[in-house]
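# Residue-level structural notes
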Amino acid sequence: MWKKGSAILLAGMLVLTGCANEASLVRDSIVASIDKPNYDFQGTLKLTGDVEKLPAAFGETAVDKEGQAFLAALKAGVTAKGSQQDLKNAKFQLEVNDDKLLRDNKLWTGDKKASVEMIAADNKVYVKSPLDSKYLVIDATASNPFGGIDSTEGVDPAKLKAFQDKMNDLTLNFIKKYVSKYGYKLADAKNLGVEKVTLPNGDKVDATHVAIKIDAKELVKMFFFTANDAVASQDVKAFAIDFMVLTNTFAEEIDPEMGKTTEAEKRALAEATISEGMKSAKQWLDETGKIYTPEKVVEEMKKEGFQNLAWNLDFYVDSAKMPVHQKSSLNVTFQTKDMKQALTIGLEADQYAYNFGKATKFSVPAKDAGVTVEQLYKDEKAINSFSDKGFMRPFAQSMLEQYKWQKELEAEWAEYEAEAAEPATVTP
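Parameters and conventions
- Every chain is numbered independently, its residues counted from 1 as its sequence is written.
- Local features in this predicted model are restricted to residues whose pLDDT is 70 or higher, and side-chain atom pairs enter the listing and the counts only when it is 80 or higher, whereas totals over whole chains, interfaces and linings include all residues.
- To get the side-chain values, take all heavy atoms of the structure and skip hydrogens and water.
- Only runs of H or I of at least four residues qualify as helices and only runs of E of at least two qualify as strands under DSSP, and these elements are numbered from the N terminus.
- Only protein chains enter the area calculation, which uses a 1.4 Å probe; residues under 20% of their type maximum are buried, those over 50% are exposed, and those in between are partly exposed.
- Residues are treated as being in contact if the distance between any of their heavy atoms lies within 4.5 Å.
- Per-residue and other accessible areas follow the Shrake-Rupley method at a 1.4 Å probe size, with only the shown protein chains counted as cover for residues.
- For our purposes a nonpolar core is just a set of buried Ala, Val, Leu, Ile, Met, Phe, Trp, Tyr and Cys residues, chained together by side-chain atoms within 4.5 Å.
- By this definition, two strands are paired if DSSP reports at least two bridges between them.
- Here an angle of 0 to 180 degrees is reported between the N-to-C directions of two axes, which are lines fitted to C-alpha atoms, with helices fitted over the stretch in contact.
- Per residue, pLDDT measures the predictor's confidence, with a range of 0 to 100.
- Think of a polar contact as two N or O atoms within 3.5 Å of one another; within protein, one of them needs to be a possible hydrogen donor and the other a possible acceptor, and neighboring residues in sequence only count if both atoms come from side chains.
- Reported orientations rely on four angle classes, namely roughly parallel under 35 degrees, roughly antiparallel over 145, roughly perpendicular from 65 to 115, and oblique for the rest.
- Note on convention: near helix rotated counterclockwise from far helix by under a right angle means a left-handed crossing. Clockwise means right-handed.
- Salt bridge, as used here: a side-chain nitrogen of Lys or Arg that lies within 4 Å of a carboxyl oxygen of Asp or Glu.
- Classification of ring pairs rests on two measures: the distance between centres of Phe, Tyr or Trp rings, Trp counted by its six-membered ring, which must be within 6.5 Å, and the angle between planes, read as stacked under 30 degrees, edge-to-face over 60 and tilted in between.

Helix and strand counts for the protein stand at twelve helices and twelve strands. For the protein, the proportion of its 428 residues judged to be buried stands at 40%. Sequence-distant contacts, at least 24 apart, represent 66% of the contacts inside the protein between residues at least 6 apart. In the structure as shown, the protein presents an accessible area of about 23700 Å², 54% of it carried by carbon and sulfur atoms.

As a rule of thumb, nonpolar side chains are buried together in soluble globular proteins. Formed by 51 residues in total, the largest nonpolar core has its most connected members in Val26, Phe174, Leu186, Ile212, Ile214, Leu313 and Phe315. By residue number, the principal contributor to this core is helix α6 (residues 157-181), which donates nine residues. Counting 15 residues, the second largest nonpolar core, distinct from the first, contains Ala382, Ile383, Met399 and Leu400.

An order of β7-β8-β9-β10-β11-β1-β2-β3-β4-β5-β6-β12 is seen for the twelve strands of this open sheet, with the pairing classed as mixed. Two strands in the sheet have a free side with no partner beyond their single neighbour: β7 (189-198) and β12 (370-372). Sheet twist, expressed as the average angle between the axes of neighbouring strands with direction ignored, equals 20 degrees. The sheet contact formed by strand β1 (residues 39-49) and strand β2 (residues 78-84) spans seven bridges and is antiparallel. Counted as the bridge partner of Gln42 is Lys81 from β2. Across the face of the sheet, helix α7 (residues 216-232) comes into contact with β8 (204-215) and β9 (306-317) while running at roughly 95 degrees to β8.

Here we come to the environment of Glu263. Within the secondary structure layout, Glu263 lies in helix α9 (residues 263-291). Accessibility expressed as a relative area gives 44% for Glu263, which makes it partly exposed. Residues within four places of Glu263 in sequence aside, it is in contact with Val245 and Thr249.

What follows covers the pairing of strand β10 (residues 323-334). Within β10, nine of the twelve residues are buried, leaving the element largely enclosed by the surrounding structure. Sheet analysis places β9 next to β10, joined by eleven bridges and oriented antiparallel. Residue Leu313 lies in a different strand from β10, and its bridge partner there is Ser328.

Turning next to the confidence of the model for the protein. Residues at a pLDDT of 70 or more form 88% of the protein, whose mean pLDDT is 83. A low-confidence stretch, residues 1-21 stays under pLDDT 50, and its non-local contacts, those more than four residues away or across chains, total 68 contacts. Confidence drops under pLDDT 50 across residues 143-151; counting only partners more than four residues distant or on other chains, this segment forms 25 contacts.

Moving on to the side chain of Gln84. Tracing the sequence through the fold places Gln84 in strand β2. For Gln84, the side chain forms a polar contact with the main-chain oxygen of Pro37, separated by 3.0 Å.

One way to put it is that helix α8 (residues 234-254) packs onto α9 with a least axis distance of 9 Å and a crossing angle of 135 degrees. Put simply, α8 runs oblique to α9. Handedness of the α8/α9 crossing: right-handed. Where α8 abuts α9, its residues Val236, Lys237, Ala240, Ile241, Asp242, Met244, Val245, Asn248, Thr249 and Glu252 lie against Glu263, Lys266, Arg267, Leu269, Ala270, Glu271, Thr273, Ile274, Ser275 and Met278.

Turning our attention to the pattern of salt bridges. Using the criterion set out here, one finds 19 salt bridges in the structure. Put simply, Lys161 and Asp165 hold a salt bridge, and the shortest N to O gap is 3.0 Å. You can see Lys161 and its partner Asp165 sitting in helix α6, four residues apart, about one turn around the helix. Given a relative accessible area of 31%, Lys161 falls into the partly exposed group.

Once that is clear, we can look at the packing of aromatic side chains. If you walk through the whole model with that rule in mind, you get twelve aromatic pairs. Where Tyr39 meets Phe41, the ring centres are 6.4 Å apart and the plane angle is 70 degrees; that geometry is what we call edge-to-face. For the residue pair Tyr39 and Phe41, the accessibility class agrees, reading buried in each case. A centroid spacing of 5.5 Å and a plane angle of 55 degrees characterise the contact between Tyr39 and Phe356, whose relative ring orientation is tilted. Here Tyr39 is found in strand β1, whereas its partner Phe356 is found in the loop between β11 (343-354) and β12, with 317 residues between them in sequence. The exposure class of Phe356 is partly exposed, given its relative accessible area of 26%. Put simply, the rings of Tyr39, Phe41, Phe92 and Phe356 touch in pairs and so form one group of aromatic residues.

Here we come to the side chain of Thr79. By the element assignment, Thr79 lies in strand β2. One polar contact links Thr79 to Asn97, side chain to side chain, over a distance of 2.7 Å. Excluding residues that lie within four positions of it along the chain, Thr79 makes contacts with Gly43, Thr44, Gln93, Leu94, Glu95 and Asn97.

We now examine the environment of Phe223. Examined against the element boundaries, Phe223 turns out to sit in helix α7. We classify Phe223 as partly exposed; its relative accessible area is 47%. Taking the C-alpha atoms as reference, Phe223 lies 9.5 Å from Pro294; in sequence the two are 71 residues apart.

So, in structure tokens, the structure goes:
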């Protein structure tokens, strides 16, 4: 859940992990935030640019009023605020800053702003708007939490949870280890010195301001650097082997028809497979890198209509190396063959993190305070827990339809297996 609690931190994880020189402080703050995932947060996210011109640019004359209402609401921005207790438990509220168009199009009503509350507790997620009487409960340890077909059907939830926990621990430990060593040198990263940051709770803190600018060429360079670094990294290889061994072990546990192999056999197979995969990847990178230089890739992108990319990031890191304030502004200009004019679409985010180690506590909803998709399936009246004046009801109905479809397939498969098990009739 730490990813959901920090949109810009995730951007940093994906693109700025471990930048050297001035941005090394960003790398350290990312690792620190994983080690200390207990904090409150507040931030805004909004679309910018020519969003409303998109339909016309693609030649669409009939404008979907509901779609335009949602786009307009996203341009006004969404505010997220809440607390994260650890990597699995968090609570936050998403609120639309201006919901007038949502109301005008009958997508929202009531005295409160359009919003939704989300609570993540271990492997369950609870979602509810102010208009609803109960939470919609999504269980990640259930065989089919979203109502879709899932390979874990019939698996013991305890075994599934244990597997998920091991996988999460393995992945997070790898991320911390890899990020701390990553050494890409950004072309434009500046340390702007110490500045005073005022947090949402009124506290003021001194933080080092690191400003980073990225364009399309820089992104391509970072991709090739990361790819080449990964295929040569023993840490990446070890992680991939452990990942494959853990996955194969779980597969054998849940499938009685699979043959059992020893730990040594699984590890030998994984090492051979990963080694061959990394060897092939390195060969591809060597060959591709000679032909497609960063300049060549950017040139090809422009031919396809991708004209410009500008990504500005600002990180404010306190003396404990925690990212107390993060800002991101991403703008992309493009014009495809079907578009009448070039458009610039952007995404802006601004987030604060505070109360490290003493985040606001919250309680998990009681069992009778929520409704699962399975309960919606068994009791048609349960859908009334979600108001027909809000957006949660259509979402719940969509999940229910997927669940019904899944049940129908299960019934058909059971019938097929029953027929296949019947002894063949021999005609004398």
